[in-house]
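Breakdown of the fold
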Amino acid sequence: MQSPKEAKMPRSTYPVFTLLCAFGLAACSPESPDTAPGNAAAVETACERADLVLYNTTIYTSNADQWTAEAVASKDGQIVFVGSNTEAEEYMCGSVQALDLEGRTVYAGFTDSHQHLEGVGRRTKTLSLFGIGTLQETVQTIEDWAANIPEGGWVQGRGWIEREWTDEQRFLNKYDVDRFTADKPLFMPRADGVSALVNTKAMELAGVTSETPDPEGGRFERELDGTPTGYVLANAMNVFREILPPETDAYLKDNLLRGLRANASLGWTQTQDAGMSYRLVGLMKEIHEEGNMAHRVYAAIPVQEAATMLQRGRETTSDDMFDVRGIKVFIDGTLGSRGAALIDNYSDADHNGFMNRTTKEELMPILYASLRQGIQIETHVIGDRAVRSLLDWYDEAYNYVPRSEWASEDLRWRMEHAQIIPPSDQQRFVELGVLPSMQPSHAIGDLNFAPDRLGRDRLSYAYPWQQLVDRGLMILAGSDAPVEEGDPRIEFYAAVARSRLNGTSEAGWHPELAVSRETALLMLTLWPAHGAFQEDLRGSIEVGKYADFTIFDNDIMTIPVADILTSENVMTIVGGEITFQRN
């Protein structure tokens, strides 16, 4: 096994545990007769084997050869021991930080395989419409927020989701908001981030009228006479993004820092960013240099900047805290907005969604170049038509570029979301070596309306986690935050329960497609590490790997399923350093 690089992680500005009694987890280093002055030099030499020991706990390692342990020790951010409490005693001496974790449970550090870090931070300081129970309350919340925006200022927010409303379950439109935003343009993405509400003022500024054609890979929802309703999908959002006020680097950097802190507080030790612009990459490098990385970040560059990525190639830090290795591609929309590309029409609409947010003509040269340069591809696909098309395009690229020209045959190209996969295409994932990157929380939200969108037959292979695992595929689990909450407890619960957060479900939810707790843990630990080419560095608790740990107050592998959601992360450790601790 390859060991992590011989480089000490930069000291973080976050609190480092120094045996704080107030936290209730620490024990002072045991005294020993060998600490007499005459033996001091020998003791110091022996004690250099570890600087952190976690003991008196249950440790889930995500290592099949040693699934559980009682104690773990690390030195300079790297694991040096995994075993029993008795065996750990020889590491608990000198100035070691020895943490008695009785009543807590340690897991290999959790990874969110699909997230948008800047968006996670941004939502902490903008209007959030998540979790509002009715359309009426949502509109009232927007009106209250807009009242504090000056004339001509943009009314912005995110997170509305009609599937959760108990009064009306329809998309918002300009008629809901025009009466209180006549002099203020409004742009508010739906929770999925692939569709948005705009008002009449915004359409005036953007020059969108009934004569404006739908862009490739997008659509303006319209009245029967062609008048835009103010609900826009996918590439139709771009014309509004282009006229939003510019954002400063300081604003974006603060969003990234907020996102890092929020993620660490939940127990994430790495997030894999699905579409981080080079502007944000530059800011992330600053954050890293300043020692403010609360967790690791693995990033893919959006396809719009693919040419730059292919020119610059992979970029990584010596401590593996930040790694830029892939290109994120966007193909179709989402199921909730009826933008996901289906083979057959929606069961509740007379169309089958749309593709071409990135066209085949645009994508194929990128795929060819990526094979030659060893760049990972991560593609947003949701509907079965999008999934099948991308499998075809991946296969075509494999066959077009001679193997002798490939940088590596270990591609690990991914499909992000991949929510509807017919059995024949599931097997093609295996044959082509494609990794499914899926978000369990999407399923337990989408299954509220998926029966209407898909009909009974297609539900049998929607969000088909267990079917994929049965074929030997590793599912990389993530949250897609800020589209979803971004909480590892919710993702783990959704994977094993496949039911609403209140425990209920409906006919057609196919509980047999849920996975075991052991599989769910791998989906959040070792398998995402494989998806980032880092399985030799992290993802499980083994000697030689980075000391990345998530510590909860409960054992989510054994407690009742409903109690998973009320468990709390009490400490996050990244590279042997504590980046979050709950007081």
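Quantities reported herein were computed from a predicted structural model and do not represent experimental measurements. (Residues numbered from 1 in each chain as written. Predicted model: local features only at pLDDT ≥ 70, side-chain atom pairs only at ≥ 80, totals over all residues. Heavy atoms only, no water.)

Let's shift gears to the packing of helix α12 (residues 384–400) against helix α13 (residues 423–432). Where α12 meets α13, the closest approach of the two axes is 11 Å, and the angle between their N-to-C directions is 30°. Comparing the axis directions of α12 and α13 gives the class roughly parallel. Crossing of α12 against α13: the hand is left-handed. Across the interface between the two elements, V387, R388, L391, D392, D395 and Y398 from α12 touch S424, D425, R428, F429 and L432 from α13. (Axes fitted to C-alpha atoms, helices over the stretch in contact; angles between N-to-C directions. Helix = DSSP H or I, 4+ residues; strand = E, 2+ residues; numbered from the N terminus. Parallel < 35°, antiparallel > 145°, perpendicular 65-115°, else oblique. Left-handed = near helix turned anticlockwise from the far one by under 90°. Contact = heavy atoms within 4.5 Å.)

Now for the nonpolar core. One finds I327 and M415 to be the most contacted residues of the largest nonpolar core, which totals 110 residues. Per-element accounting of this core gives the leading share, eight residues, to α12. Leaving out residues up to four positions away in the same chain, M415 has contacts with T379, V381, V387, L390, L391, Y394, F429, V434, L435, P436 and S437. Listed in part, the 23 residues of the second largest apolar core include A146, I149, F171 and Y231. (Core = buried A, V, L, I, M, F, W, Y, C linked by side-chain atoms within 4.5 Å. Buried < 20%, exposed > 50% of the residue type's maximum accessible area, 1.4 Å probe, protein only.)

This part covers the sheet that holds strand β26 (residues 577–581). Across the sheet, six strands lie side by side as β4-β3-β8-β24-β25-β26; this open sheet has mixed pairing. Of all the strands in the sheet, just β4 (68–69) and β26 have a single pairing partner and so form its edges. Sheet topology places strand β3 (residues 58–60) next to β4; two bridges connect them, and they run antiparallel. Counted as the bridge partner of I59 is A69 from β4. (Pairing = 2+ DSSP bridges.)

Moving on to the side chain of D555. By secondary structure assignment, the location of D555 is in the loop between β24 (549–552) and β25 (569–574). We note that D555 is buried and unpaired, the nearest opposite charge coming from R517 at a distance of 6.6 Å. Side chain to side chain, D555 and Y60 meet in a polar contact 2.8 Å long. Ignoring any residue separated from it by four or fewer positions in sequence, one finds D555 in contact with T58, Y60, T105 and Y107. (Lys, Arg positive; Asp, Glu negative; His and termini not counted. Salt bridge = Lys/Arg side-chain N within 4 Å of Asp/Glu carboxyl O. Polar contact = N/O pair within 3.5 Å; in protein donor to acceptor, adjacent residues only side chain to side chain.)

Moving on to helix α11 (residues 360–373). End to end, α11 covers 20 Å across 14 residues, agreeing with the expected 20 Å (1.5 Å per residue, within 8%). Every buried residue belonging to α11 is among L363, M364, I366, L367, Y368, A369, S370 and L371, and all of these are buried. Those residues of α11 hidden inside the fold are in contact with α10 (306–312), β19 (322–330), β20 (376–381) and α12. Following α11 by one or two positions, G374 has its phi on the positive side, about 75°. (Expected span 1.5 Å × (residues − 1).)

Strands sit in the order β10-β11-β12-β13-β15-β14 across an open sheet of six strands; the sheet is mixed. Where the open sheet ends on each side, the last strands, each with one partner, are β10 (127–128) and β14 (218–222). The sheet contact formed by strand β13 (residues 195–198) and strand β15 (residues 228–234) spans three bridges and is antiparallel. Following the sheet pairing, A196 is matched in β15 by V232.

Right, let's get into the pattern of salt bridges. Counting across every chain of the model gives 39 salt bridges. The partner of R122 in a salt bridge is E247, with the nearest N and O atoms 2.6 Å apart. Pair noted here: R122 is in helix α3 (residues 117–122) and E247 is in the loop between α7 (238–241) and α8 (249–266), with a separation of 125 residues, a long-range link.

Two faces make up the sheet, and in a regular strand the side chains alternate between them. For strand β5 (residues 71–75), the buried fraction is high: four of the five residues fall into the buried class. Where strand β2 (residues 52–55) lies against β5, three bridges are found, and the strand directions are antiparallel. Paired with L52 across the two strands is S74, which belongs to β5. Note that β5 and strand β6 (residues 78–83) share five bridges and pair antiparallel. Bridging across to β6, S74 finds its partner in I79. Between β5 and β6, which pair antiparallel in sequence order, lie two residues; one of them, D76, sits at a positive phi of approximately 50°.

Before going further, it helps to spend a moment on helix α4 (residues 135–146). Spanning twelve residues, α4 covers 16 Å between terminal C-alpha atoms, matching the ideal 16 Å at 1.5 Å per step. Every buried residue belonging to α4 is among L135, T138, V139, I142 and A146, and all of these are buried. Viewed along the axis of α4, the buried residues span an arc of 95°, placing them on a single side of the element. Those residues of α4 hidden inside the fold are in contact with β10, β11 (155–158), α5 (174–177) and β12 (186–189). (Arc of directions from axis to C-beta.)

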